[in-house]
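This is what each chain is made of:
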Amino acid sequence: MEAEASIEGRQNMTTLMIDDELGQQASRAAAAQGKTLDEFVGEVLRQAVSGPTVDRTTRNGLPVIQLMPATPIDPLLIQSLLEEDGF
């Protein structure tokens with residue numbers, strides 16, 4: 001599937017070549033959220049390249065680090081977060 005993505009307010013366009021099944025899944029997800037395919041893909045890409053979102057808390061005196069779904073677990077990131085919290 002070939003999809004053209006544009007950045008609103010800009011005239012630059014990029015053509016992405018993606019698998020047909022992935023394109024259909026993205027189209028369905030965009031429709032389910034009431035968004036255009038451009039809006040949906042833009043948001044997903046921004047989240048992917050901005051890095052993991054981490055929510056830190058303490059439960060029963062122990063540090064708990066909650067990651068967004070599908071966030072790869074990076075042991076070095078976990079260690080640095082624990083060190084920041086003094087563990």
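Residues numbered from 1 in each chain as written. Predicted model: local features only at pLDDT ≥ 70, side-chain atom pairs only at ≥ 80, totals over all residues. Heavy atoms only, no water.

(A) Here's a closer look at the overall build of the protein. Across its full length, the protein holds 3 helices and 4 strands. In the protein, the succession of α and β elements from N to C terminus is β-β-α-α-β-β-α. Across the 87 residues of the protein, 10% fall into the buried class. For the protein, the proportion of contacts with a sequence separation of at least 24, taken over those separated by at least 6, is 19%. (Helix = DSSP H or I, 4+ residues; strand = E, 2+ residues; numbered from the N terminus. Buried < 20%, exposed > 50% of the residue type's maximum accessible area, 1.4 Å probe, protein only. Contact = heavy atoms within 4.5 Å.)

(B) View of the confidence of the model for the protein. For the protein, mean pLDDT is 79; residues scoring 70 or higher make up 79% of the total. Here strand β1 (residues 2-6) is the element of the protein with the lowest mean pLDDT, 52, and helix α1 (residues 20-32) is the one with the highest, 93. (pLDDT = per-residue confidence, 0-100.)

(C) The arrangement of unusual backbone geometry in detail. The phi dihedral of Asn60 is positive, around 55°, even though this residue is not glycine. The topology assignment puts Asn60 in the loop between β3 (54-59) and β4 (62-67).

(D) Geometry of the environment of Lys35. With respect to the helices, strands and loops of the structure, Lys35 is situated in the loop between α1 and α2 (37-49). On the basis of relative accessible area, Lys35 is assigned to the partly exposed category, the value being 25%. Beyond its immediate sequence surroundings of up to four residues, Lys35 is in contact with Ala30, Phe40 and Glu43. Within polar-contact distance, the side chain of Lys35 engages the side chain of Glu43 at 2.5 Å. (Polar contact = N/O pair within 3.5 Å; in protein donor to acceptor, adjacent residues only side chain to side chain.)

(E) Geometry of the pairing of β3. Pairing of β3 with β4 involves 6 bridges; the strand directions are antiparallel. Bridging across to β4, Val54 finds its partner in Leu67. Between β3 and β4, which follow one another and run antiparallel, lie 2 residues, and Asn60 among them has a positive phi close to 55°. (Pairing = 2+ DSSP bridges.)

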